[in-house]
Amino acid sequence: MTRRGLTLVELLVALAVTTLVAAGVSSLLAGLGAGLAAGADTRTAMLASASTHRRLVEATSSMHAVLDARDDITLLWFGDRTPGGEVELSEVAWLVLDRDRGTLSLETVLVDDDMDGLERALFDETLSPAMDSAAMLARLRGRELIDRTDLADGLLDGGFTPREDRSGLAIEIVFDLETGPASWSSLLRFGGQPPLEWRP
């Protein structure tokens, strides 16, 4: 007698084997997907770090020294561009870590290149170490005299630490990636030191 089809036991065994194979394949694919996502985040973090460092170096290449540094805002000096030995408004820029927006930016004073010497002298304020650099920046923003250049975005946190002699600045930031935070740090070196009255 010839039998056609499968018995119930054979059918159940085949179904159990198929289920085990399917579970193994889905587990393998899930692990592979997680690995690919982690690899993509690692590449994203590396690219973000490299591009942020490049932008920072380009944006601060003409800086001379750190004048004032806080955890989230740093006053940088281009050097004595206006003869006189004083720190002038047109000679500074602010490196700002905005935790609310998740950005790192460089903010400079908008100076009209068509100003003659007298107009520039009237515009250019002399800055002192006693001033509040964050309040000065807020005042200039209110007068729409600030040009803002974002250097990095998608940040969770960070901070600035100047070198003791103010000839450099350590920057630490944390990128917000899909698989979690990714830390990055860099040391920027500048070409000089601040004027004597600005030194710590």
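Residues numbered from 1 in each chain as written. Predicted model: local features only at pLDDT ≥ 70, side-chain atom pairs only at ≥ 80, totals over all residues. Heavy atoms only, no water.

Examining the pattern of salt bridges
Pairing between side chains of opposite charge can happen when the charged atoms of each approach one another.
So, point 1. Scanning the model with the defined rule gives 12 salt bridges in all.
So, point 2. Among the salt bridges present, the one from Arg101 reaches Asp150, with a minimum N-O distance of 3.4 Å. Taken as a pair, Arg101 in the loop between β3 (92-98) and β4 (103-109) and Asp150 in strand β5 (residues 146-153) lie far apart in primary sequence, 49 residues in all.
So, point 3. A relative accessible area of 37% means that Asp150 is categorised as partly exposed.
So, point 4. In this structure, Glu107 engages Arg148 in a salt bridge whose closest nitrogen and oxygen atoms are separated by 3.2 Å. With Glu107 in strand β4 and Arg148 in strand β5, this pair connects stretches of sequence that are 41 residues apart.
So, point 5. You can call Glu107 buried: its relative accessible area is 1%.
So, point 6. Three or more residues joined by partner-sharing salt bridges are found here, namely Arg101, Glu107, Arg141, Arg148 and Asp150. (Salt bridge = Lys/Arg side-chain N within 4 Å of Asp/Glu carboxyl O. Helix = DSSP H or I, 4+ residues; strand = E, 2+ residues; numbered from the N terminus. Buried < 20%, exposed > 50% of the residue type's maximum accessible area, 1.4 Å probe, protein only.)

Regarding the confidence of the model for the protein chain
So, point 1. Averaged over every residue, the pLDDT of the protein chain is 85; the share at 70 or more is 90%.
So, point 2. Across the protein chain, the secondary-structure element scoring lowest on mean pLDDT is helix α2 (residues 117-123), at 67, and the one scoring highest is β3, at 95. (pLDDT = per-residue confidence, 0-100.)

Considering the sheet that holds strand β6 (residues 155-162)
So, point 1. Read across the open sheet, the 3 strands follow the order β6-β7-β8; overall the sheet is antiparallel. Every interior strand has two partners, whereas the edge strands, β6 and β8 (180-189), have only one. The mean angle between the axes of side-by-side strands here comes to 15°, regardless of whether they run parallel or antiparallel.
So, point 2. Alignment of strand β7 (residues 168-177) against β8, held across 10 bridges, turns out to be antiparallel. Paired with Ala170 across the strands is Leu187, a residue of β8. (Pairing = 2+ DSSP bridges. Axes fitted to C-alpha atoms, helices over the stretch in contact; angles between N-to-C directions.)

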